[in-house]
Amino acid sequence: MALLKVKFDQKKRVKLAQGLWLMNWFSVLAGIIIFGLGLFLKIELRKRSDVMNNSESHFVPNSLIGVGVLSCVFNSLAGKICYDALDPAKYAKWKPWLKPYLAVCVLFNVVLFLVALCCFLLRGSLESTLAHGLKNGMKFYRDTDTPGRCFMKKTIDMLQIEFKCCGNNGFRDWFEIQWISNRYLDFSSKEVKDRIKSNVDGRYLVDGVPFSCCNPNSPRPCIQYQLTNNSAHYSYDHQTEELNLWLRGCRAALLSYYSNLMNTTGAATLLVWLFEVTITVGLRYLHTALEGMANPEDPECESEGWLLEKSVPETWKAFLESVKKLGKGNQVEAEGEDAGQAPAAG
């Protein structure tokens, strides 16, 4: 017995075809939006690839760009099919292709749903990528004369200013690396010599941060150096006073930015997916309603449309049997080819 059977007369078929035509062109616009979101996400990932360990995943933006293009192509074609559906002469050329086209649409809907799901699952991979990328980027902050790293200082500074953050997990991360280049250190100074000697790796470490960590909203002039030395600054206690630096780490700031972007993109893709599923269901009803017309030459006759020709269990059983037959057919062909290759006579 057919699943979700609906009776159609000529008026209902016309309304269904017109409604689907309009929905398909809205879906073309939605496909353009998905394409634009994927392109924007790809550009945003590229912009900060230097602090993302150069291994940021472009699978999601590439997938969004791909499904956006496919959505435009499929829905433009579906709009043409719906426009020709009620003209018997024009519909005849689509008739052999409509069933395979519906199967492709179902597959496309599955892919679109998986892409939307990936948008929400990207956070985990981004978190580790940002953690390693920012850590390495901070190490190269001082290498302004090294080819390939000349712009790392500018990249980190602009990142901290734009996202109002400091360090990887916080401003104390700068205490663990030498971020001041040797060319700006006076090695004849006793203080510099003592700091270098006190470190096992021979690095010049200070309890200070780059200027880009300063919070301009603070009424006090920025304290960049000797952050843990209370006696170095008047009326200052680094343990109790809220410092005039950005307290949030850049990893958390970037992760929050990309997570919001991905959640918005994922939600938009899910809405488009629901729209595409509705269109596919409507096309199925239109197809079966036109196929079920008792007299195709009489456009005013009634017909029945359905979602599935049989119940769900029966449809699934028929699908499995067809897969088994396909597998057996391939096996028989392979055995036939092996039998045809007789050994050469000695």
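The written sequence of each chain sets the order in which its residues are numbered from 1. Only residues with pLDDT of at least 70 get local features here, since the model is predicted, and only at 80 or more are side-chain atom pairs given and counted; chain-wide, interface and lining totals rely on the full set of residues. To obtain the side-chain values, all non-hydrogen atoms of the structure were included, while hydrogens and water were left out.

The next subject is the overall build of the protein chain. Numbering goes from the N terminus for both helices and strands, where a helix is a DSSP run of H or I of at least four residues and a strand is a run of E of at least two. Helix and strand counts for the protein chain stand at 8 helices and 2 strands. Overall, the protein chain shows an N-to-C arrangement of helices and strands of β-α-α-α-α-α-α-α-β-α. Relative to its 346 residues, the protein chain shows a buried fraction of 39%. Counted over contacts in the protein chain with a minimum sequence separation of 6, partners at least 24 positions apart contribute 72%. Each accessible area is a Shrake-Rupley result for a 1.4 Å probe, and residues are judged covered by the shown protein chains and nothing else. Counting every atom, the protein chain has about 20,300 Å² of accessible surface; 61% of that belongs to carbon and sulfur. Remark: exposure states derive from per-residue accessible area (1.4 Å probe, protein chains only) relative to the maximum for the residue type, with buried under 20%, exposed over 50%, and partly exposed in between. Residues count as neighbours in contact if any of their non-hydrogen atoms are within 4.5 Å of one another.

To continue, consider the UniProt feature "transmembrane region" (unreviewed entry) in the protein chain. In this numbering, the UniProt entry assigns the feature "transmembrane region" (unreviewed entry) to residues 20-41, 62-81 and 101-122. Across residues 62-81 one finds 100% helix and 0% strand; the C-alpha atoms that close the span lie 29 Å apart. UniProt positions are given in the numbering used here, feature names are shortened, and annotations may be inferred rather than shown by experiment.

This part takes up empty space enclosed by the protein. Cavities and pockets are found on a 1 Å grid laid over the protein atoms alone: a cavity is a set of points where a 1.4 Å probe fits but cannot escape, a pocket is an open set with protein on both sides within 12 Å along at least five of seven lines, and a lining residue has an atom within 4 Å of such a point. Grid points are joined across faces, edges and corners, and a volume is the space filled by probe spheres set on the points. Following the criterion strictly, the structure yields 1 cavity of 30 Å³ or more and no others. When its volume is computed, the largest cavity comes out at roughly 50 Å³. Lining the largest cavity, in full, are Asn-24, Phe-74, Asn-75, Ala-78, Tyr-101, Cys-105, Phe-108, Asn-109, Glu-276, Ile-279, Thr-280 and Leu-283. The set of elements that each furnish at least two residues to the lining of the largest cavity consists of helix H2 (59-84), helix H3 (88-121) and helix H7 (250-291).

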